[in-house]
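Take a look at the letters that make up each chain.
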Amino acid sequence: MWSGEELDLDAYLARIGYETERDGELAPDLRTLTALHRAHVRAVPFENLDVALGRPVPLDLKSLQAKLVDRRRGGYCYEQNSLFAAALERIGFTVTARGARNRSRGAALPPVTHALLVVAVEGEQWLADVGFGWQGPLEPVPLRDGARVEQSGWTFGVVVEDEGIHVLRSLRPQGWTDLYAFSPQTLYPGDFTVMNHYSSSHPQSRFLGQVVAQWPGEDERRALVRDTLSTVRTDGSVEERAVPVDELIATLESRFGIELDDEERTGLERIHPAGS
């Protein structure tokens, strides 16, 4: 399903900093799933830079490995979760996908544009999502009504609404906030392709025409959207500052770990609001 047999697993593990001698032998169990999930989100940033530059976003495994693993770039949900699904499949996990509506931006009813994974482990389903950016979980979340987990000071929960709609939530100082909602319907790689086409090319996509880079750290979470860098900490404190064009590349590389070539640096500076 996810082309796991094509993945260079050793290269992927090196990219996310997973060492079997230190972190444990790989097996289709909860310990492995949790350790891989945390290592992936720590190492591979969320970013839309190819979309911002007007480039296509291929989802075949060869392209994903070349970009996210070999070049040490990041990606958004379809790329990140497709790569993670391939790694899990290669190890022996049963992995399916879901499509979600992002609720983190308010009360509007958005289209289904977010892609996440569901992994079966020892008879229980776990939400696994390495591609939701700075608001996403560090580790898998039990996919059952009323589940609540604390992950390095960040708390996540799941509730089930009418028609079997599952909602991933985050506990903030002001209370619970919905992140996204999804139905039990299984999605396939071809569905990712359709959703990716909308997100990378539709005029109403939030990824067009602006730089987005995010990182869900353990102590703090960071997001760069256009020219604003935001930092959120576990106590709920938020810091924001403007990023001028002469700091853009350094910010992407030092704060998000994104490695860029000269063409990408030039193109991103050109579209930066302060650079126009």
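First, a word on what this report is: a plain description of the structure on this page.

In this section: the overall build of the protein. Within the protein, the regular secondary structure consists of nine helices and 13 strands. The C-alpha atoms of the protein give 18 Å as radius of gyration, which agrees with the globular expectation for 276 residues (19 Å, within 12%). Per-residue burial for the protein yields a buried fraction of 50% across its 276 residues. Put simply, of all contacts in the protein between residues at least 6 apart along the chain, 57% involve residues at least 24 apart. Carbon and sulfur atoms provide 47% of the accessible area of the protein, an area that totals close to 12,400 Å². Distance between charge centres in the protein, computed from 29 positive and 42 negative side chains, equals 4 Å.

Our next topic: the packing of helix 5 (residues 61-70) against helix 6 (residues 77-91). In contact at an axis separation of 10 Å, helix 5 and helix 6 are set at 105° when each is read in the N-to-C sense. Judged on the interaxial angle alone, helix 6 and helix 5 are roughly perpendicular. For the pair helix 5 and helix 6, the contacting residues are Leu61, Leu64, Lys67, Leu68 and Val69 in the first and Glu79, Gln80, Ser82, Leu83 and Ala86 in the second. Here the residues of the contact of helix 5 with helix 6 are counted per class, giving six nonpolar, two polar and two charged.

In this section: the pairing of strand 8 (residues 166-172). Where strand 7 (residues 154-160) meets strand 8, five bridges bridge the pair, whose relative direction is antiparallel. Residue pairing in the sheet places Val159 in a bridge with Val167 of strand 8. The turn linking strand 7 back onto strand 8 is made up of five residues, and Glu163 within it adopts a positive phi angle of 65°. What sits between the antiparallel neighbours strand 8 and strand 9 (residues 175-182) is a turn of two residues.

Right, let's get into the environment of Glu47. Within the fold, Glu47 resides in strand 1 (residues 46-47). Between the C-alpha atom of Glu47 and that of Glu161, which follows or precedes it by 114 residues, the distance is 31 Å. Dropping the residues within four chain positions of it, Glu47 is found in contact with Arg73, Gly74, Gly75, Tyr76, Val212, Ala213 and Ile258.

Moving on, we come to the side chain of Glu139. Following the sequence through the fold, Glu139 ends up in the loop between strand 4 (124-128) and strand 5 (141-142). At 2.7 Å, the side chain of Glu139 and the side chain of Arg38 are in polar contact. When sequence neighbours within four positions are dropped, the list of residues in contact with Glu139 reads Thr34, His37, Arg38 and Gln151.

Attention shifts here to the nonpolar core. Counting residues in each nonpolar core, the largest one holds 65 residues, and the members touching the most others are Tyr12, Phe84 and Tyr180. Looking at which element gives the most residues to this core, the answer is helix 6, with nine residues. Those residues in contact with Phe84, other than ones at most four positions away along the chain, are Tyr12, Leu33, Leu36, His37, His40, Leu117, Ala128 and Val130. Counting residues in hydrophobic clusters, the runner-up holds 14 residues, among them Ala213, Trp215, Leu248 and Phe256.

Reading the values: rules and limits
Residues numbered from 1 in each chain as written. Predicted model: local features only at pLDDT ≥ 70, side-chain atom pairs only at ≥ 80, totals over all residues. Heavy atoms only, no water. Helix = DSSP H or I, 4+ residues; strand = E, 2+ residues; numbered from the N terminus. Rg over C-alpha atoms; globule rule 2.2 N^0.38 Å. Buried < 20%, exposed > 50% of the residue type's maximum accessible area, 1.4 Å probe, protein only. Contact = heavy atoms within 4.5 Å. Areas by Shrake-Rupley, 256 points an atom, 1.4 Å probe, with all protein chains shown as cover. Lys, Arg positive; Asp, Glu negative; His and termini not counted. Charge placed at Lys NZ, Arg CZ, Asp CG, Glu CD. Axes fitted to C-alpha atoms, helices over the stretch in contact; angles between N-to-C directions. Parallel < 35°, antiparallel > 145°, perpendicular 65-115°, else oblique. Nonpolar A, V, L, I, M, F, W, Y, C, P; charged D, E, K, R; others polar. Pairing = 2+ DSSP bridges. Polar contact = N/O pair within 3.5 Å; in protein donor to acceptor, adjacent residues only side chain to side chain. Core = buried A, V, L, I, M, F, W, Y, C linked by side-chain atoms within 4.5 Å.

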